[in-house]
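# A look at the structure
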Amino acid sequence: QVQLVESGGGLVQPGGSLRLSCAASGFTFGNYAMMWYRQAPGKERELVAGISGGGGVTNYADSVKGRFTISRDNAKNTVYLQMNSLQPEDTAVYYCKVRYLVRDVWGQGTQVTVSS
């Protein structure tokens, strides 16, 4: 079945960096756009970044432009989110998502905490 597994979260100081990974299985990975979302405590889940199946088209939320970079390795069935210059407001659970056929499939999420 379609499965997404995130990893790479953790505790980082303000100004620091993390790289999240999302390993996919159960579908032809390179045929599908992938997205990263995040959900902070008490807030709605929001789109952070997206990337096309071939990797040539990306988009970002205004709040992360210039700091975060989404990429993918179709040979490894993995999508990444490089996060630089992290700030406390980036603290959230980060999820990857694929729109597979007519339904959204989510990973279990990985916690990112930015604090001194």
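The present account deals with the structure reproduced in this document.

The rules we used
Think of each chain on its own: its residues are numbered from 1, step by step along the sequence as written. Local features in this predicted model are restricted to residues of pLDDT 70 or higher, and side-chain atom pairs are both shown and tallied only at a pLDDT of 80 or more, whereas totals for entire chains, interfaces and linings draw on every residue. As a rule here, side-chain values cover all heavy atoms of the structure and leave hydrogens and water aside. Sulfur atoms of two cysteines make up a disulfide when they are within 2.5 Å. Helix and strand assignments come from DSSP, with helices taken as H or I runs of at least 4 residues and strands as E runs of at least 2, each series counted from the N terminus. Pairing between strands requires that DSSP locate at least two bridges from one strand to the other. Orientation is described by lines fitted to C-alpha atoms, with helices fitted over the stretch in contact, and by angles between N-to-C directions that extend from 0 to 180 degrees. Here a Phe, Tyr or Trp ring, Trp counted by its six-membered ring, pairs with any other such ring whose centre lies within 6.5 Å, and the pair is stacked when the planes are under 30 degrees apart, edge-to-face when over 60, and tilted otherwise. Burial here depends on accessible area, computed with a 1.4 Å probe over protein chains only, as a share of the maximum for the residue type. Under 20% is buried, over 50% is exposed, and the range in between is partly exposed. In this analysis the charged atom, NZ for Lys or CZ for Arg, is taken to sit over a ring once it is within 6 Å of the ring centre and within 35 degrees of the ring normal.

The next thing to look at is the state of the cysteines. Here the structure, examined in full by the defined rule, presents 1 disulfide. With its sulfur 2.0 Å from that of its partner, Cys22 forms a disulfide with Cys96. Judged by the torsion about the S-S bond (60°), the Cys22/Cys96 disulfide is right-handed. Of this pair, Cys22 sits in strand β3 (residues 18-25) while Cys96 sits in strand β9 (residues 92-100), and the two are 74 residues apart along the sequence.

With antiparallel pairing, 4 strands are arranged side by side in an open sheet as β1-β3-β8-β7. Both edges of this open sheet fall to β1 (3-7) and β7 (68-73), since each of them pairs with a single strand only. Recorded for the sheet is a direction-independent mean angle of 15° between the axes of neighbouring strands. Bridge count between β7 and strand β8 (residues 78-83): 6 bridges; the pairing is antiparallel. Among the inter-strand pairings, Ser71 is bridged to a residue of β8, identified as Tyr80.

In this section: the packing of aromatic side chains. The geometry of an aromatic ring pair comes down to the distance between the two centres and the angle between the two planes. Within this structure, the stated rule accounts for 6 aromatic pairs. An angle of 65° between the planes, with centres 4.9 Å apart, marks the rings of Tyr37 and Trp106 as edge-to-face. Of this pair, Tyr37 sits in strand β4 (residues 34-39) while Trp106 sits in strand β10 (residues 103-106), and the two are 69 residues apart along the sequence. Residue classification places Trp106 among the partly exposed residues on the basis of a relative accessible area of 31%. Ring centres 6.2 Å apart and planes at 90° place the aromatic pair Tyr95 and Trp106 in the edge-to-face group. With a gap of 11 residues between them, Tyr95 in strand β9 and Trp106 in strand β10 connect regions that are remote in the sequence. Accessibility expressed as a relative area gives 13% for Tyr95, which makes it buried. A connected cluster of aromatic rings, assembled from ring pairs, spans Phe27, Phe29, Tyr32 and Tyr100. Arg45 extends its terminal NZ or CZ atom over the ring of Tyr95, reaching a point 3.8 Å from the ring centre. Taking the ring centre of Trp106 as reference, the NZ or CZ of Arg45 above it sits at 4.5 Å.

This brings us to the pairing of strand β11 (residues 110-114). Here is the key point about a regular strand: its side chains alternate between the two faces of the sheet. Here β11 shows a clear split, with Thr110, Val112 and Val114 buried on one side and none of Gln111 and Thr113 buried on the other. As defined by bridge partners, strand β2 (residues 10-12) adjoins β11 across 3 bridges and the pair is classed as parallel. The residue of β11 that forms the bridge with Val12 is Val114. Two elements, β9 and β11, share 3 bridges in a ladder whose sense is antiparallel. Opposite Ala92, over in β11, you have Val112 as the bridge partner.

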